[in-house]
Amino acid sequence: MTGAWVARAVATAVELGVLDRLGEGPADTAALADGLGLHPDRLGRLLRLLGAAGVVRERDGRHEPTDVGSHLRRGHPSGMADLALLYDTDMFGDAWAHLADTVRTGRTAFGEAHGTDVFSYLEQHPDDAALYTAGMAAGGRFSTAVPDVYDFGGARTVVDLGGGDGELLATVLAGAPGARGVLVERPPALAAARERLGAFVDAGRCDLVEGDFLREVPGGADVYLLSRVLHNWSDGDARRLLRLCRESMAPDGRVLVAERVLPDRDGPWLSLVLDAHMMVMTTGAERTERGYEELLRSAGLTTREILDLPLEMRLLVAGPVPSPS
Ligand SMILES: C[S@@+](CC[C@H](N)C(=O)[O-])C[C@H]1O[C@@H](n2cnc3c(N)ncnc32)[C@H](O)[C@@H]1O
């Protein structure tokens, strides 16, 4: 019952710069409070809780980050500080406050809280959008393992639909020098993608396209990437997107779907928590293997193989349903 309070304490330590300062060297509570302009008694009590949560430890009266705490420094390559701040936003919290409405009515909690869908909201709230893109990038570190499990060697054009900050496409292009990339995104993520993919854009190997993948996707590519995109959408919208890929792709093309794939019963903790988050935030869901296959089939596609990725993620490799001979 107290998980939300601990998460708030961790995010607060990130927000106040406590973990950044301790990352520079151990400090006692008084010096830390003095340096950061904080209340010594209240800071001491926050640190005591963070100690119990395994984020900091005390040695000889001075505090230092644990390994977990080090990952929560701003600028750490894991991006965990970004994730802590994103999960602590009112944007998420106010939506979660409407969980009961969703369970009662089936309407999305985010819409009940904010009066619009999450991606339209982000276009109107640039600060939240920056946190969202950074947080998604932090939660998307599995993407660097995608070329280890799937060979992009023969690909000529790789289209990443809803590619976020471009981390996955950059990884693919770096490992496949013969390939060109296209990233399709809504405006808030494009600024980060421009930064991440700038070198490939300058080299003429990548286009950044502002677009709506429910209306149109670039044609003729041999690989379409959908990383953590289908779980944001109802079956109807996901089918529309997959059909657009099927109609637009090269004849021997592939659609690569990176998602957490639930087993038929129960499921691992993180995947189930994120499934609940999907029903709070979107019309989507984490789906089972069978659920994905049914969805793909309804769009003229079928799963060719399923590959394991880190962080409970899997890569479904889909191609056109073979025509009966
Ligand atoms: C959950 S994020 C996944 C980002 C990235 N693919 C990853 O795995 O880290 C979903 C992305 O889809 C983008 N998106 C949402 N609706 C879209 C639309 N209609 N057209 C294009 N992109 C869209 C969002 O801006 C967001 O960056």
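Values in this document were obtained by computation on a predicted structure and should not be read as measured data.

Mind showing me how you'd approach the site of the ligand here?
Near the ligand, the surroundings consist of 15 residues, among which Gly162, Glu185, Asp212, Ser227 and Arg228 are the closest. Between the ligand and aspartate 212, the relevant distance is 2.8 Å, taken from a nitrogen atom to a side-chain nitrogen or oxygen of the residue. Contacts to the ligand include serine 227, whose side-chain N or O atom sits 2.7 Å from an oxygen atom. Relative to its free-state accessible area of 590 Å², the ligand is covered by the protein chains to the extent of 93%. Here the residues of the shell around the ligand sort into 5 nonpolar, 6 polar and 4 charged.

Looking at this model, I keep getting lost on the side chain of serine 143. Mind explaining?
Summarising the element assignment, serine 143 is placed in the loop between helix 11 (126-139) and helix 12 (146-149). Assessed through its relative accessible area of 3%, serine 143 is described here as buried. The residues touching serine 143, leaving out its near neighbours within four places in the chain, are Glu167, Leu168 and Thr171.

Hey, could you run me through the UniProt feature "domain: O-methyltransferase C-terminal" (unreviewed entry) in the protein in this one?
Listed under "domain: O-methyltransferase C-terminal" (unreviewed entry) in the UniProt record, and renumbered for this structure, are residues 96-301. Taken end to end, residues 96-301 is 49% helix and 14% strand, and its two terminal C-alpha atoms sit 34 Å from one another.

For this particular structure, what's the right way to read the nonpolar core?
Nonpolar side chains in soluble globular proteins tend to end up buried together. Of all hydrophobic cores here, the largest spans 43 residues; its most connected members are Leu161, Tyr224, Leu241, Leu242 and Val255. Considering each element in turn, this core owes the most residues, 5 residues, to helix 15 (residues 235-248). Among residues more than four places away in sequence, those in contact with valine 255 are Tyr224, Leu226, Leu242, Cys245, Met249, Leu301, Leu316, Val317 and Ala318. Membership of the second largest hydrophobic core comes to 29 residues, among which are Tyr150, Leu190, Leu309 and Leu315.

I would appreciate a short explanation of the UniProt feature "domain: O-methyltransferase dimerisation" (unreviewed entry) in the protein in the present structure.
Under the local residue numbering, the UniProt record ascribes the feature "domain: O-methyltransferase dimerisation" (unreviewed entry) to residues 2-70. Taken end to end, residues 2-70 has its terminal C-alpha atoms 23 Å apart, with 64% of it in helix and 12% in strand.

I keep staring at the sheet that holds strand 7 (residues 254-259) and nothing clicks. Help me out?
Note: strands within a sheet are paired through backbone hydrogen bonds, in either parallel or antiparallel orientation. In spatial order, the strands read 5-4-3-6-7-9-8; together these 7 strands make up an open sheet with mixed pairing. Each edge of the sheet is formed by a strand with only one pairing partner; in this case those strands are strand 5 (206-210) and strand 8 (301-308). Adjacent strand axes in the sheet meet at a mean angle of 20 degrees when their direction is disregarded. As defined by bridge partners, strand 6 (residues 223-227) adjoins strand 7 across 5 bridges and the pair is classed as parallel. Counted as the bridge partner of serine 227 is alanine 258 from strand 7. Its contacts with the sheet place helix 15 against strand 3 (157-161), strand 6, strand 7, strand 8 and strand 9 (314-320), and it is angled at close to 165 degrees to strand 6.

In this structure, what is going on with the domain arrangement of the protein? I would like to understand it.
Many authors give the size of an interface as the accessible area that is lost as the parts come together. Taken domain by domain, the protein consists of domain 1 (3-80) and domain 2 (138-320). One C-alpha centre belongs to domain 1, the other to domain 2; they are set 36 Å apart.

For this particular structure, what's the right way to read the pattern of salt bridges?
Pairing between side chains of opposite charge can happen when their charged atoms approach one another. Going through the model one piece at a time under the given rule, you end up with 19 salt bridges. Here arginine 290 makes a salt bridge to aspartate 264, at a shortest N to O gap of 3.4 Å. Within this pair, whereas arginine 290 is found in helix 17 (residues 289-298), its partner aspartate 264 is found in the loop between strand 7 and helix 16 (269-281), the two being separated by 26 residues in sequence. The partner of arginine 297 in a salt bridge is glutamate 293, and the shortest N-O contact between them spans 3.0 Å. In this pair, arginine 297 and glutamate 293 are both assigned in helix 17, 4 residues apart and thus about one turn of the helix distant.

What counts and what doesn't
- Residues numbered from 1 in each chain as written.
- Predicted model: local features only at pLDDT ≥ 70, side-chain atom pairs only at ≥ 80, totals over all residues.
- Heavy atoms only, no water.
- Near = heavy atom within 4 Å.
- Polar contact = N/O pair within 3.5 Å; in protein donor to acceptor, adjacent residues only side chain to side chain.
- Areas by Shrake-Rupley, 256 points an atom, 1.4 Å probe, with all protein chains shown as cover.
- Nonpolar A, V, L, I, M, F, W, Y, C, P; charged D, E, K, R; others polar.
- Helix = DSSP H or I, 4+ residues; strand = E, 2+ residues; numbered from the N terminus.
- Buried < 20%, exposed > 50% of the residue type's maximum accessible area, 1.4 Å probe, protein only.
- Contact = heavy atoms within 4.5 Å.
- UniProt positions renumbered as here; feature names shortened; annotations may be inferred.
- Core = buried A, V, L, I, M, F, W, Y, C linked by side-chain atoms within 4.5 Å.
- Pairing = 2+ DSSP bridges.
- Axes fitted to C-alpha atoms, helices over the stretch in contact; angles between N-to-C directions.
- Domains from an automatic or database assignment.
- Salt bridge = Lys/Arg side-chain N within 4 Å of Asp/Glu carboxyl O.

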